[in-house]
Amino acid sequence: MIKRTLQYGFIISIGFPVVFLLVLSLGRRWAYPNILPEQISFANWEFLQQSDSKLFQAFFVSLGISLCVAVFVTALGFVISKFIAYSQRRNTFLVLAYIPYLLSPVIMAIIFQYYFIITGLTGTFLGVIIAQFLVAFPFGIIIYLNFWNAQLKSMEELSYTLGGSRWQTYKKVLLPLSKNALMLCFFQVFLISWFEYGLTNLIGSGKIRTLTVSVFNFVTEANIFYAALACFLLILPPMLLLYINKRFILFVEKTEL
Amino acid sequence: MVFSCGENKKQEAVDVLSLSWEDIEQQANGKTVTMMMWTGDSKINAYINSFVKPKIKNTYGINLEIIGGQGGNIVQILMTELQASASKSDVDMMWINGETFYQLRQINALFGPWTDKLPNSKYIDFENPFIGMDFQQPIEGFELPWGNVQMAIVYDSAKVENPPMNREDLLNFVKANPGIFTFDNQFTGLTFLKALLIDIAGGGEVLQGDFDEEKYNLYSQKLWAYINQLKPYLWRKGQVFPESVAQMHQLFASGELWFTMSNNDAEVDSKTAEGLFSETSRAYVPDFGTIQNSHYLGITKLSGQKAASMVVANFMVSPEAQLEKMNPVIWGDGTVLNMEALPKDMKAKFQNLPSRTKAPQRSEILHKAHLELAPMYMIKLAEDFRKKIINP
Amino acid sequence: MKKLYNIKSFSTLLFLIIVVLPVFCGLVYATLYSFEIVGIINSGFTTKHWEDIIQGSAFWSSIGFSFYVAICSVVISLIFALAMALSWKKNLQKGALSTAIYLPLCFPGTVMAFFMFQFLSKSGFLSRLGFASGVLEDINSFPALINDAYGIGIIITSVVLITPFFVILFSNIYHTENIEAYKELATTFGASKRQLLQKVTLPILLKKSSVTIYLFIIFVMGSYEIPLLLGRQSPQMISVATVQKIQRFNLYDIPKGFAMSILYVLIIMSVLLFLYFRNRDYFKSETTK
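Residues numbered from 1 in each chain as written. Chains lettered and ligands numbered in written order. Predicted model: local features only at pLDDT ≥ 70, side-chain atom pairs only at ≥ 80, totals over all residues. Heavy atoms only, no water.

Enquirer: When you look at the overall build of chain C in this model, what are you seeing that I'm missing?
Expert: The helix and strand tally for chain C stands at 14 helices and zero strands. Traced from its N-terminal end to its C-terminal end, chain C shows the element sequence α-α-α-α-α-α-α-α-α-α-α-α-α-α. For 289 residues, the compact-globule estimate of 2.2 N^0.38 gives 19 Å, and the C-alpha radius of gyration of chain C, at 24 Å, exceeds that figure by more than 25%. Viewed in the frame of its principal axes, chain C has a C-alpha envelope of about 75 × 75 × 35 Å. For chain C, buried positions account for 56% of its 289 residues. Averaging the positions of the 23 positive and the 13 negative side-chain charges in chain C gives two centres separated by 10 Å. (Helix = DSSP H or I, 4+ residues; strand = E, 2+ residues; numbered from the N terminus. Rg over C-alpha atoms; globule rule 2.2 N^0.38 Å. Buried < 20%, exposed > 50% of the residue type's maximum accessible area, 1.4 Å probe, protein only. Lys, Arg positive; Asp, Glu negative; His and termini not counted. Charge placed at Lys NZ, Arg CZ, Asp CG, Glu CD.)

Structure representation (structure tokens):
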């Protein structure tokens, strides 16, 4: 009985932030000690109808960047990780991949900002995609390295023995077997990119306004209602993903895919 | 190769300045100008977004793009660009003053002198030392005066009947009412510290001119001793200071603080109209005085849009734009124009602006205004504030 | 076969270019800058910034504070996660709870930090509830949980973000490692409930997840968004302190910021190598088994 109550209490407290942010995003004027904002209306949400509003654009900028980064990392990581997985120096590569994966992205951005300026990439959409790619790619490699194993390798070799071409082997054998790994990598990288702030803000020179960057802008403006709204928009896609398939929302090393 | 590239840039810079204003306007058409500014105030952002941007777009066909950033942030970006020999800057113009101007001049990141070129510069009151000098430095055409403000302290008259007028008053006041007074650890708070430093030194004249280390050490020691006396009675016992003036305003709005501060004497009116501050909020200037200073517009040396930036700047100091900006319910930023130089009807419009209701009239606080100190004072104060008060 | 060989070396090259080169180049620039060898306002080679950083207290107290926050966050999360994973094991596999536990993973640090600020600050939601119910006399009797000296706000936020991760991790290990079977075996030898927990369940769970736990400590140490919103000027976590050195007020502090970032990178690298040599098994591949 106590266990049940605790569990329900827990579920409710997990859902609370979502409701709280939603209410705050509808609010205006919230002086102490009022529990709720004085006005509740859809006024803050009207941006949805204006395609030139900042939040509307931020949502799509974020979406565009995250999709690009996720696609590139998923595709390129798949090919490269396969060679690394079967290489003699696999462990060296793995440790190398862990370095950027473990470093704070904002510190990475600080040390390579100079090169982005030289190449004229700061403040551009492309620059932010490349910077996020550099941070997310090692993670993609780590995900895939958990996936390649001896069994897969022998299946692949079997395909060659039976006369399959490289292309056929990829298409008919490897890709179907890798569907889950590919999905996992795609969604994980999408989320990393979707959540990123420090690096995006530095390399984007503040010009590339993603949703997370907007949250911080609204916070510095002390505009908590818009910040809450931007926060709510930020958690929507992950929640959608959770609804579709919760397994893609987190990556646990050394588990079966 | 590198050499010839540099030559070209020089060539172009000379070209913009040798063009006639008509040519400059023509060149500006259809361009996009990126301006970096402090975006920590929704009223200011609204003025830029719903007044300046559309006007510039409709009149000159220029797109104005705003990015957030101030002070060290601007300097760091421009410096890294110069270092990387970037051919073009990400930033065309920016809102600066004081120590940012000083640092940008040091690294030679500013374009200029360009301000004489603007038709509207004839209205600007360059003779006024509060406008023509920025933190004791002559502006020399490298930045354009945009607004002029005096710092004021804001309090809630429902809670505070007689706001403290001098240092001793303030100390007694916070002792009697602990936890309701503080200052932020950025520009506004530092400007407040400067006013105290001037008071301790015995008046503005003592610290005039270039940075004087000896004087600084002497008076700042007394300043920190005074702040340490206040510290236990400040908000959160002086263990922590608000990160920004926006945060301090929030704390004041929610009632956690009884005082906040503003680098703009008229801000209390716009913030009350906005509904953030309570109707009983008032602004005042204590007897020890506060700093009056101006803020400016600069153009980056590596800007690819110098002509368009000049056109934007020219609009921003036009009587029309200055009038709108000075309206207390819009922004309430003081003008840099010389009323005597304006056409009669314009002058009348300025005089007929809705008057301040919660802030004192400018004329009443003018005699308590101090000139800004040399930038090094601010840099030193910021450093010592961190070392001696925040992290002793 | 030659073609395959080419693809292989091409892949390796690409890997090095994407993963190793940027960090390496970044470190080179940061090193040059920290010694004032490059930089337009810098005056030539000097070691003074390195001396300042290594001998001064600011860097080490930032590292220390980051470490303290990370340890507290991870340990508290582990306690909660173990309790939940073990006492709710059935419900975590099926039903509402099994989905709900994933929900916090939808929250980026930025959003969770913003929420915590609005929830736990002196004028936040909790304080308002306290005031309305008469528990609080006034706003100042609410404890300082945000921008506080002990990083309480940062720790709470991190705990909320990583606990679900550990719950799912433990719940998975519990099933894949078939701990139930070990427990039955131990019970037949007369082990008590307490012994089961201390000698069987906990050791297996913690051993299997040890490297992940270490990695999380490193992640929390490097976190930026959360301390940026909820932290304060002093003490400051390392990412925030480094960015601030590079972007604020004093231009002559920038080399120090770079020196700090290099030291941080070196510390992380040595921890990684240490982990690697101590936990070869973890890094060992499935392919070479």
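Enquirer: How should the interface of chain A and chain C be read in this particular structure?
Expert: Often the size quoted for an interface is simply the accessible area lost on bringing the parts together. In this complex, chain A contributes 82 residues to the contact, which on the side of chain C involves 84 residues. Summing both sides of the interface, chain A and chain C together bury roughly 7,800 Å²; the carbon and sulfur share of this comes to 80%. If you look at where chain A meets chain C, you find zero salt bridges. Our enumeration of links across chain A and chain C arrives at nine residue pairs in polar contact (both at pLDDT 80 or more). Every element with two or more residues in the side of chain A that touches chain C is listed here: helix 1 (2-25), helix 2 (54-85), helix 3 (90-102), helix 4 (105-118), helix 5 (125-145), helix 9 (198-203), helix 10 (211-220) and helix 11 (224-244) of chain A. (Contact = heavy atoms within 4.5 Å. Buried area = accessible area lost by both parts, 1.4 Å probe. Salt bridge = Lys/Arg side-chain N within 4 Å of Asp/Glu carboxyl O. Polar contact = N/O pair within 3.5 Å; in protein donor to acceptor, adjacent residues only side chain to side chain.)

Enquirer: Any chance you could explain the confidence of the model for chain C here in plain terms?
Expert: For residues with low pLDDT, the predicted coordinates do not support detailed interpretation. Residue and element names in this part refer to chain C. Residues at a pLDDT of 70 or more form 95% of chain C, whose mean pLDDT is 88. No element of chain C has a lower mean pLDDT than helix 14 (residues 280-283), at 71, and none a higher one than helix 3 (residues 58-87), at 95. Taken over the whole predicted complex, pTM reads 0.85, whereas the ipTM for its chain interfaces reads 0.90. (pLDDT = per-residue confidence, 0-100.)

Enquirer: Help me understand helix 6 (residues 109-120) of chain C in this model?
Expert: Owing to its 3.6 residues per turn, the α-helix aligns residues three or four sequence positions apart on the same side. Residue and element names in this part refer to chain C. Across its 12 residues, helix 6 extends 16 Å between first and last C-alpha, which sits within 8% of the 16 Å expected from 1.5 Å per residue. Taken across its 12 residues, helix 6 has 10 buried, putting it largely inside the fold. All of the buried residues in helix 6 are Thr110, Val111, Met112, Ala113, Phe114, Phe115, Met116, Gln118, Phe119 and Leu120. (Expected span 1.5 Å × (residues − 1).)

Enquirer: How do you make sense of the pairing of strand 2 (residues 63-68) of chain B when you look at a structure like this?
Expert: As a general feature of sheets, a regular strand has side chains that alternate between the two faces. Residues and elements named next belong to chain B. Sheet topology note: the strand 1 (residues 32-37)/strand 2 ladder contains six bridges and is parallel. Bridge pairing in strand 2 places Met35 opposite Ile66. Handedness of the crossover joining strand 1 and strand 2 through helix 3 (residues 42-60): right-handed. (Pairing = 2+ DSSP bridges. Right-handed = clockwise from strand over helix to strand, strands pointing away.)

Enquirer: How should I be thinking about helix 11 (residues 267-274) of chain B in this particular structure?
Expert: All names here are of chain B. Along helix 11, six of the eight residues are buried, which leaves the element largely enclosed by surrounding structure. For helix 11, the full list of buried residues reads Glu267, Val268, Asp269, Ser270, Lys271 and Thr272. Lining the buried residues of helix 11 we find helix 3, strand 7 (152-156), helix 10 (245-253), strand 8 (259-262) and strand 9 (281-284). Where helix 11 terminates, the next one or two residues include Gly275, which has phi positive at roughly 95 degrees.

Enquirer: Would you mind going over empty space enclosed by the protein with me for this structure?
Expert: Over the atoms, a rolling probe the size of a water molecule traces out where space has been left empty. For the structure shown, the criterion picks out seven cavities of 30 Å³ or more. As for the largest cavity, its lining consists of 42 residues, of which Ile192 and Phe195 of chain A together with Gly109, Phe216 and Phe219 of chain C are closest to the centre. If you tally residues by element for the lining of the largest cavity, the top one is helix 10 (residues 193-221) of chain C, at six residues. Looking at side-chain class alone, the lining of the largest cavity contains 30 nonpolar, nine polar and three charged residues. Approximately 630 Å³ is the volume found for the second largest cavity. (1 Å grid on protein atoms, 1.4 Å probe; cavity = no way out; pocket = protein on both sides within 12 Å on 5 of 7 lines; lining within 4 Å. Points joined across faces, edges and corners; volume = space filled by probe spheres on them. Nonpolar A, V, L, I, M, F, W, Y, C, P; charged D, E, K, R; others polar.)

Enquirer: Looking at this model, I keep getting lost on unusual backbone geometry. Mind explaining?
Expert: With the exception of glycine, the majority of residues adopt a negative phi angle, and the majority of peptide bonds are in the trans configuration. Each neighbour pair has its own omega, and for Gly112 of chain B with Pro113 of chain B the value is -5 degrees, a cis peptide bond. Note that Pro113 of chain B resides in the loop between helix 5 (98-106) and helix 6 (129-132). At the junction of Ser234 of chain C and Pro235 of chain C, the peptide bond is cis and its omega measures out at -5 degrees in the coordinates. Here Pro235 of chain C lies in the loop between helix 11 (225-230) and helix 12 (238-247).

Enquirer: In this structure, what is going on with the environment of Glu140 of chain B? I would like to understand it.
Expert: Residues and elements named next belong to chain B. Turning to its location among the elements, Glu140 is positioned in the loop between strand 5 (137-138) and strand 6 (144-150). Sequence separation between Glu140 and Asp116 is 24 residues, and the spatial gap between their C-alpha atoms is 9.7 Å. If we skip the residues at most four places from it in the chain, Glu140 touches Arg105 and Pro113. Within polar-contact distance, the side chain of Glu140 engages the side chain of Arg105 at 3.3 Å.

Enquirer: For this particular structure, what's the right way to read the side chain of Gln236 of chain C?
Expert: Residues and elements named next belong to chain C. Mapped onto the fold, Gln236 is located in the loop between helix 11 and helix 12. Here the side chain of Gln236 touches Gln244 through a polar contact of 2.8 Å, side chain to side chain. Residue contacts for Gln236: discarding those within four places in its chain leaves Ser62, Phe65, Ala241 and Gln244.

Enquirer: What is the right way to read the packing of helix 9 (residues 179-188) of chain C against helix 10 of chain C from this model?
Expert: Between two packed helices, what matters for the description is the angle formed by their axes and the separation of those axes. All names here are of chain C. Relative to each other, helix 9 and helix 10 sit at 155 degrees, their axes nearing to 10 Å. Judged by the inter-axis angle, helix 9 sits roughly antiparallel to helix 10. Judged by the sense of rotation from one axis to the other, the crossing of helix 9 with helix 10 is right-handed. Between helix 9 and helix 10, the residues in contact are Ile179, Tyr182, Lys183, Ala186 and Thr187 and Leu196, Val200, Thr201, Ile204 and Leu205, respectively. Tallied by class, the residues present in the contact of helix 9 with helix 10 amount to seven nonpolar, two polar and one charged. (Axes fitted to C-alpha atoms, helices over the stretch in contact; angles between N-to-C directions. Parallel < 35°, antiparallel > 145°, perpendicular 65-115°, else oblique. Left-handed = near helix turned anticlockwise from the far one by under 90°.)

Enquirer: Help me out: how do you make sense of the pattern of salt bridges in this one?
Expert: Once the charged atoms of two side chains with opposite charge are near each other, the side chains can pair. The tally for this structure, following the rule as stated, stands at 20 salt bridges over all chains. Here Glu320 of chain B makes a salt bridge to Lys55 of chain B, at a shortest N to O gap of 2.8 Å. Placement of Glu320 of chain B in helix 13 (residues 319-326) and of Lys55 of chain B in helix 3 is noted, with a sequence separation of 265 residues between them. The class of Glu320 of chain B is partly exposed, set by a relative accessible area of 35%. Linking Lys347 of chain B and Glu340 of chain B is a salt bridge whose minimum nitrogen-to-oxygen distance equals 3.4 Å. Overall, the relative accessible area of 61% leaves Glu340 of chain B in the exposed class. Residues joined in a network through salt bridges with shared partners are Asp52, Lys245, Asp253 and Lys256 of chain C.

Enquirer: Could you clarify how one ought to interpret the confidence of the model for chain B in this entry?
Expert: Residues and elements named next belong to chain B. Averaged over chain B, the pLDDT score is 90; the fraction of residues at 70 or greater is 96%. Element-level mean pLDDT values for chain B span from 54 in helix 1 (residues 2-18) up to 97 in helix 12 (residues 306-316). Confidence drops under pLDDT 50 across residues 1-11; counting only partners more than four residues distant or on other chains, this segment forms three contacts.

Enquirer: How should the state of the cysteines be read in this particular structure?
Expert: In a disulfide, the sulfur atoms of two cysteines are covalently bonded to one another. By the definition in use, this model includes zero disulfides over all chains. Of the cysteine sulfurs around Cys106 of chain C, a residue in no disulfide, the closest is that of Cys231 of chain A, at 14 Å. (Disulfide = S-S within 2.5 Å.)

Enquirer: I tried to follow the nonpolar core on my own but got confused; where do I start?
Expert: The tendency in soluble globular proteins is for nonpolar side chains to be buried as a group. Membership of the largest hydrophobic core comes to 213 residues, with the highest contact counts inside it found for Leu104 of chain B together with Phe166 of chain C. Among the nonpolar cores identified, the runner-up in size contains 51 residues, and Leu170, Leu171, Met248 and Ile389 of chain B belong to it. (Core = buried A, V, L, I, M, F, W, Y, C linked by side-chain atoms within 4.5 Å.)

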